[in-house]
Amino acid sequence: RILATKRYPRRVARMIFGTRRAYQRARQFSADIYHIHDAEMLPAALMLRRRGCRVIYSSHEDAPRDILSKHYLTPAIRPLIAWLVELVERSICPRLSAIVTPTDTIAARMRRLNPRVEIMRNYPCLEDYEWTARQSPPQSSDIVYSGAITRARGIQEIIEALALLPTSCSTRLRLAGAFAPAALASEVARLPGWRRV
């Protein structure tokens, strides 16, 4: 069952009002576990913990370091915001029921704050594919990139890798998402691998 809250198009409004609204919505229900996915929701997580709720934080990225690559923030203020996010994590994460991370590096950082850390890797399993790195890939296949299309998420490297495929391979990259920033689209469109996008 999806219990939606109001969508705020501006990031600052989402962080302030969206977090508050999500907390108000969450406390209307007595869930067994509350699972948050963004550092901006940590204040709501703390309020839920104060009510005796079990709250898990999915630290799916190194949030303070991730802020340093946010294109929509002025480069001069990124270190300050990263420092503030780290301060919030340091004060709230020790009080949470558990933390889930995808990597050993993030887990090591989070274990300094809270001993209840689980690593849930979200990497593809090579056994799920019919071919391995030692074999040639299928002659016809598509690659799907879904989500925000950003430099930090490797779009440039993916397109550069497409240019390395043999001409006999008809693999194409299908993009599902918006470029951030929008100017990145024209930049990567000049790369040789773009003909396969």
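Preceding this paragraph is the structure being described.
Summary of the structure given here.

Cut-offs used in this document
- Each chain carries its own residue numbering, running from 1 in the direction its sequence is written.
- Where totals are concerned, whole chains, interfaces and linings use all residues; where local detail is concerned, this predicted model gives features only for residues with pLDDT of at least 70, and gives and counts side-chain atom pairs only at 80 or more.
- Only hydrogens and water are set aside when side-chain values are computed; all heavy atoms of the structure are taken into account.
- Secondary structure is summarised from DSSP: a helix means a run of H or I of at least four residues, a strand means a run of E of at least two, and numbering begins at the N terminus for each.
- The rule is simple: take the accessible area with a 1.4 Å probe, protein chains only, and divide by the maximum for that residue type; under 20% is buried, over 50% is exposed, in between is partly exposed.
- It only takes one pair of heavy atoms within 4.5 Å for two residues to be counted as in contact.
- Only the protein chains shown count as cover for residues, and the accessible areas themselves come from Shrake-Rupley with a 1.4 Å probe.
- Neither His nor the chain termini are counted; the positive set is Lys and Arg, and the negative set is Asp and Glu.
- Taken as the charge centre is NZ of Lys, CZ of Arg, CG of Asp or CD of Glu, depending on the residue.
- The criterion is simple. A nonpolar core is a set of buried Ala, Val, Leu, Ile, Met, Phe, Trp, Tyr and Cys residues joined through side-chain atoms within 4.5 Å.
- We define the bend at any residue as the angle between the axes fitted to the seven residues before and including it, ending there, and the seven starting there.
- Pairing between strands is defined by DSSP: at least two bridges between them are needed.
- Orientation is described by axes fitted as lines to C-alpha atoms, over the contacting stretch for helices, and by angles from 0 to 180 degrees between their N-to-C directions.
- Between N or O atoms, a polar contact is any pair within 3.5 Å; within protein, one atom must be a potential hydrogen donor and the other a potential acceptor, and residues adjacent in sequence are included only when both atoms are from side chains.
- To estimate how far a helix should reach, multiply one less than its number of residues by 1.5 Å.
- Taken from the helix axis, the directions to the C-beta atoms give the arc we talk about.

Helices and strands together make up the secondary structure of the chain, namely seven helices and six strands. In the chain, the order of α-helices and β-strands from amino to carboxyl end is α-β-α-β-α-α-β-α-β-β-α-β-α. Dimensions of the chain along its principal axes, counting C-alpha atoms only, are 60 × 40 × 35 Å. Residues classed as buried in the chain amount to 32% of the 197 residues present. Here the contacts in the chain between residues at least 6 apart in sequence split such that 50% fall between residues at least 24 apart. Surface exposure of the chain reaches about 13,200 Å², of which carbon and sulfur atoms provide 55%. One way to put it: in the chain the 32 positive side-chain charges average out to a point 10 Å from where the 17 negative ones average out.

When a protein is soluble and globular, its nonpolar side chains tend to lie buried together. Among the nonpolar cores identified, the biggest contains 27 residues, and Leu 42, Leu 48, Val 55, Tyr 57, Cys 93, Leu 96 and Met 110 are the most heavily contacted of them. The set of elements that each furnish at least two residues to this core consists of helix H1 (11-26), strand S1 (34-36), helix H2 (42-50), strand S2 (55-58), helix H3 (63-67), helix H4 (78-92) and helix H5 (104-111). The element contributing the most residues to this core is H2, with five residues. In this view, Leu 42 contacts Ile 36, Tyr 57, Val 88, Glu 89, Ile 92, Cys 93 and Leu 96; residues no more than four positions away in its chain are not counted. Listed in part, the ten residues of the second largest apolar core include Ile 155, Ile 159, Leu 162 and Leu 173.

To continue, consider H1. The sharpest bend along H1 measures roughly 30° and falls at Gly 18. Buried within H1 are the following residues: Ala 13, Gly 18, Thr 19, Tyr 23 and Ala 26. Buried residues belonging to H1 abut S1 and H2.

What follows deals with the sheet that holds strand S4 (residues 117-119). The strand order across the open sheet built from four strands is S1-S2-S3-S4, with neighbouring strands paired in parallel fashion. Edge positions in the sheet fall to S1 and S4, since each has one partner strand and no second. Strand after strand, the sheet turns through a mean of 20° between neighbouring axes, direction not considered. Pairing between strand S3 (residues 98-101) and S4: three bridges, direction parallel. Paired with Thr 101 across the two strands is Ile 119, which belongs to S4. Here H2 sits on the sheet and contacts S1 and S2; the angle it forms with S2, its principal contact strand, is near 160°.

Next up on the list: the environment of Arg 174. Mapped onto the elements, Arg 174 comes out in strand S6 (residues 172-176). In this structure the C-alpha to C-alpha distance between Arg 174 and Tyr 145, which are 29 residues apart in sequence, comes to 6.2 Å. A distance of 2.7 Å separates a polar atom in the side chain of Arg 174 from a polar atom in the side chain of Asp 142.

Bringing H4 into the picture now. Relative to the 21 Å expected for 15 residues at 1.5 Å per residue, H4 spans 21 Å between its end C-alpha atoms, a close match to the ideal helical length. Taken residue by residue, H4 has Arg 78, Ala 82, Val 85, Glu 86, Glu 89 and Ile 92 as its buried positions. Along the axis of H4, the buried positions cluster into a sector of 145°, meaning they face one direction only. Opposite the buried face of H4, at more than 90 degrees from it, the exposed residues are Trp 83 and Arg 90. The inward-facing, buried residues of H4 abut H2, S2, H3 and H5.

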